[in-house]
Amino acid sequence: MPEGDTIHYAANRIRPVLLDRVPDEIRTPHPRFGRDRWPERLAGRAVEAVEAHGKHLFLRFEGDLTIHSHLRMTGSWRVHPVGARWARSPRRAWLVLRAADQDVVQFDGPVLELLSETRRRFDLRLRALGPDIVAEDFDERVFLRRLREDDPTRPIGDAILDQRTIAGIGNLWKVESCFLAHIDPWRPTGQVSDDEALRIVREARPRMQQSARDGNQTRYKAIYGKAGRLCPRCGNAKIEQRGQWDDNRRTYWCPACQS
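The structure reproduced in this document is the subject of the present report. Everything numeric here is computed off the predicted structure, so don't read it as measured data.

Looking now at the overall build of the protein chain. Helix and strand counts for the protein chain stand at 8 helices and 10 strands. Relative to the compact-globule value of 18 Å for 259 residues, the protein chain shows a C-alpha radius of gyration of 20 Å, a close match. The C-alpha extent of the protein chain, read off along each of the three principal axes, is 60 × 40 × 30 Å. Looking at the 259 residues of the protein chain, the share that counts as buried comes to 52%. Taking the contacts inside the protein chain whose residues are at least 6 apart along the sequence as the reference set, 63% of them involve residues at least 24 apart. Of the accessible surface of the protein chain, which amounts to about 12500 Å², a share of 44% is contributed by carbon and sulfur atoms. Looking at the protein chain, you have 45 positive and 37 negative side-chain charges, and the mean spots of the two groups are 5 Å apart.

Listed below in structure tokens is the structure:
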């Protein structure tokens, strides 16, 4: 699943193409949008903002209409020069916005909706989101408050995946930030101090912000996907892996130097 830095990177690529412009063309090729009339509803409206919050992307149009996207496991946002070959088959495109000789394309959904401002503001899913770890105005106090409101028996690795506690961390950044902070992802949240919890976030945040700028997330993979290999830090144990908590998300850690 694309994580918060990936969504911010997509927003950063889309923004120069669409911001303050009326798209030259809007198409919704997927059959599910056949009766929704998005091209007609958005015709003549300029894009006022391109924003990301956690794993959610928002294209805000004049007249209080917003396209909201969440990519889950399958979706992708891409920007291509008009006429260039797309990264995925055109049959997999759900939304195409053309402006400045560029095609902004959303492939493979699965969450793509057009919201009025009122509906967006009162959407319980969006209102519940925690502070965005990539955002400049990220508030550590809000993160800690929400973390302490959660189940203290929940493993810290799973707790920081909860988008209501902190928005943007996914499985990769859970693994790598706990490793960088020398924190066992299986330790119950109630046994993790505030300083330790903040250390996890402070290890992830600048790296995610850099990835949001340049799209290069791969360079930060120290142990993710490397079960059975010697720990690259201590060299005293092999990286272990197993599913964690209710969602059984794959977790990697070093049993020797994460305590």
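It is worth spelling out the packing of helix 7 (residues 171-180) against helix 8 (residues 194-214) at this point. Closest axis-to-axis distance for the helix 7/helix 8 pair is 8 Å, and the angle between their directions is 120°. If you check the angle between helix 7 and helix 8, you find them oblique. The two elements helix 7 and helix 8 cross, and the hand of that crossing is right-handed. Across the interface between the two elements, Trp 173, Ser 177, Cys 178 and Leu 180 of helix 7 pack against Ile 200, Glu 203, Ala 204, Arg 207 and Met 208 of helix 8.

This part is about the pattern of salt bridges. In total, this model carries 21 salt bridges according to the counting rule given. For the salt bridge of Glu 113 with Arg 119, the shortest nitrogen-to-oxygen distance reads 3.4 Å. The class for Arg 119 is partly exposed, based on a relative accessible area of 44%. Between Glu 203 and Arg 207 there is a salt bridge, and its shortest N-O distance comes to 3.0 Å. Taken together, the residues span about one helical turn, with Glu 203 and Arg 207 both in helix 8 at a distance of 4 residues. Residues joined by salt bridges that share partners form a network here, namely Asp 150, Arg 154, Asp 158, Asp 162 and Arg 164.

Pairing within the open sheet is antiparallel, and its 4 strands lie in the order 2-3-4-8. The two strands at the open ends of the sheet, each matched to only one other strand, are strand 2 (47-53) and strand 8 (111-116). Strand-to-strand twist of the sheet, defined as the mean angle between neighbouring strand axes without regard to direction, takes the value 15°. Here strand 4 (residues 65-70) pairs with strand 8 via 6 bridges, running antiparallel. Note that in strand 8 the partner of His 68 across the bridge is Glu 113. Contacting strand 2 and strand 3 (56-61), helix 1 (residues 4-18) crosses the sheet at an angle of about 170° to strand 2.

What the 4 strands build is an open sheet, ordered 1-6-7-5; its pairing is antiparallel. Strand pairing shows two members of the sheet lacking a second neighbour, strand 1 (25-27) and strand 5 (76-81), which therefore form its edges. Averaged over all neighbouring strand pairs, the angle between strand axes comes to 15°, with direction disregarded. Summarising the sheet, strand 1 and strand 6 (residues 93-99) pair through 3 bridges and their orientation is antiparallel. Bridging from a neighbouring strand, Glu 25 pairs with Arg 98 of strand 6.

With that settled, consider the packing of helix 1 against helix 8. Across the interface, helix 1 lies against helix 8 with an axial gap of 7 Å and an inter-helix angle of 35°. For helix 1 against helix 8, the interelement crossing comes out right-handed. Taking contact as the criterion, the partners of Gly 4, Asp 5, His 8, Tyr 9 and Asn 12 in helix 1 are, on helix 8, Met 208, Ser 211, Ala 212, Arg 213 and Asp 214. Looking at the contact of helix 1 with helix 8 residue by residue, the classes come out as 3 nonpolar, 4 polar and 3 charged.

What follows is about the pairing of strand 2. Strand direction decides the pairing type here: strand 2 and strand 3, joined by 6 bridges, are antiparallel. Across the sheet, residue Ala 49 finds its bridge partner in strand 3, namely Arg 60. Counting the residues between successive antiparallel strands, the hairpin from strand 2 to strand 3 contains 2 residues, one of them, Gly 54, with a positive phi of roughly 60°.

Structurally, Thr 28 is set in the loop between strand 1 and helix 2 (38-42). Sequence-distant contacts of Thr 28, that is, excluding residues within four places in its chain, are made with Phe 33, Trp 38, Pro 39, Trp 94 and Leu 95.

Procedures and definitions
Each chain has its residues counted from 1, running along the sequence as written. Where local features are concerned, this predicted model is filtered to residues with pLDDT of at least 70; where side-chain atom pairs are given and counted, the filter is 80 or more; whole-chain, interface and lining totals use all residues. No hydrogens and no water enter the side-chain calculation; it runs on all heavy atoms of the structure. The helix count covers DSSP runs of H or I at least four residues long, the strand count covers runs of E at least two residues long, and both are numbered beginning at the N terminus. Only C-alpha atoms enter the radius of gyration; for comparison, a globular chain is expected to reach 2.2 Å times N to the power 0.38, where N is the number of residues. Working definition: with a 1.4 Å probe on protein chains only, accessible area under 20% of the residue-type maximum means buried, over 50% means exposed, and in between means partly exposed. Every residue pair with non-hydrogen atoms within 4.5 Å of one another is taken to be in contact. Per-residue accessibility takes into account occlusion by the displayed protein chains alone, with areas from the Shrake-Rupley method and a 1.4 Å probe. When charges are counted, Lys and Arg contribute as positive and Asp and Glu as negative, whereas His and the chain ends are disregarded. A single reference atom marks each charge: NZ on Lys, CZ on Arg, CG on Asp, CD on Glu. Here an angle of 0 to 180 degrees is reported between the N-to-C directions of two axes, which are lines fitted to C-alpha atoms, with helices fitted over the stretch in contact. Every angle not falling under 35 degrees, over 145, or within 65 to 115 is termed oblique; those three ranges are roughly parallel, roughly antiparallel and roughly perpendicular. Working rule for handedness: look at the near helix, and if it is turned counterclockwise from the far one by less than a right angle, call the crossing left-handed; if clockwise, right-handed. Any Lys or Arg side-chain nitrogen located within 4 Å of an Asp or Glu carboxyl oxygen qualifies as a salt bridge. Between any two strands, pairing holds if DSSP finds at least two bridges. Each residue receives one of three labels: charged for Asp, Glu, Lys and Arg, nonpolar for Ala, Val, Leu, Ile, Met, Phe, Trp, Tyr, Cys and Pro, and polar for the others, Gly being one of them.

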